[in-house]
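The primary structure of each chain is shown beneath.
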Amino acid sequence: MASRSTQILEAAARVIARRGVRGLRVEELAAEAGVSTALIYYHFKDRAGILSKTLEFINDRAERYTTDHDPDAEPLGPREELDQRLLLELQDSTEVRENSSAWGELRASAVFDPLLREDLTRATLVWVQEVAALLGQVRPMAPAVALTASAERLTALLEGLSMRWLSGTLQIAHARTLMSDAIDAEVDRLSR
């Protein structure tokens, strides 16, 4: 059974994905999680604490669904690992839709919230560094600055494609094709 704080964070991700950050009300979150508002304040102190921990939670969840491997399967090569890590952010599952919607909402809200902006900046930096490291495994001779620039372009494109998919302006299959093409272009660019 999930801990109470995990239960609340799962509910927060659902509520944010459904109603947005501005629509997040502690009373509704408590009802969604099946707990009291006092318990939410006990675990997270205030609304800013809820948002910060929810951002951390959705990052951890994305890490899990983009890196989990079948223990009986052959290990992935560097390129396959890079493809999987990015393309699994574009899959039509409830968990990914919820995560992507909540991430987009938190990113948009960070424009107006300096504390959330700091958390988002850190989370984005970690994500870019992880993608740069994967690119470095594919192209070990590429300079670090080039790897980082490629990772920034890929992660920014992925966020944009995800938002277009979620808003219904882009079919997921086409989003995945565009992402694959971008990965090919960046890997090719790094070999020059």
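Only a predicted model underlies this, so the values are computations on that prediction, with no experimental measurement involved. (Residues numbered from 1 in each chain as written. Predicted model: local features only at pLDDT ≥ 70, side-chain atom pairs only at ≥ 80, totals over all residues. Heavy atoms only, no water.)

**Quick notes on the packing of aromatic side chains**
Here the structure, examined in full by the defined rule, presents one aromatic pair. Judged by centre distance (6.3 Å) and plane angle (75 degrees), the ring pair of Trp103 and Trp127 falls under edge-to-face. Residue Trp103 is found in helix 6 (residues 94-110), and its partner Trp127 is found in helix 7 (residues 114-138); the two are separated by 24 residues along the sequence. With relative accessibility at 11%, the residue Trp103 sits in the buried group. (Phe/Tyr/Trp six-rings, centres within 6.5 Å; stacked < 30°, edge-to-face > 60°. Helix = DSSP H or I, 4+ residues; strand = E, 2+ residues; numbered from the N terminus. Buried < 20%, exposed > 50% of the residue type's maximum accessible area, 1.4 Å probe, protein only.)

**Thoughts on the pattern of salt bridges**
One pass over the full model with this rule turns up 17 salt bridges. With its nearest N and O atoms 2.8 Å apart, the salt bridge here joins Arg85 to Glu63. Separated by 22 residues along the polypeptide, Arg85 in helix 5 (residues 78-87) and Glu63 in helix 4 (residues 47-67) bring together distant segments of the chain. Its relative accessible area of 31% is what places Glu63 among the partly exposed residues. Overlapping salt bridges, with partners in common, bring together Arg14, Arg18, Arg19, Glu28 and Glu32 in one network. (Salt bridge = Lys/Arg side-chain N within 4 Å of Asp/Glu carboxyl O.)

**Topic: unusual backbone geometry**
Phi at Lys45 takes a positive value of approximately 70 degrees, unusual for a residue other than glycine. Position of Lys45 among the secondary structure elements: in the loop between helix 3 (37-44) and helix 4.

**What to know about the layout of surface pockets**
In this model, the largest pocket occupies a volume close to 510 Å³. When contributions to the lining of the largest pocket are tallied by element, the ones reaching two or more residues are helix 4, helix 6, helix 7 and helix 8 (144-166). Broken down by element, the lining of the largest pocket gets its largest block of residues, 10 residues, from helix 4. For the lining of the largest pocket, the per-class residue count stands at 10 nonpolar, six polar and nine charged. (1 Å grid on protein atoms, 1.4 Å probe; cavity = no way out; pocket = protein on both sides within 12 Å on 5 of 7 lines; lining within 4 Å. Points joined across faces, edges and corners; volume = space filled by probe spheres on them. Nonpolar A, V, L, I, M, F, W, Y, C, P; charged D, E, K, R; others polar.)

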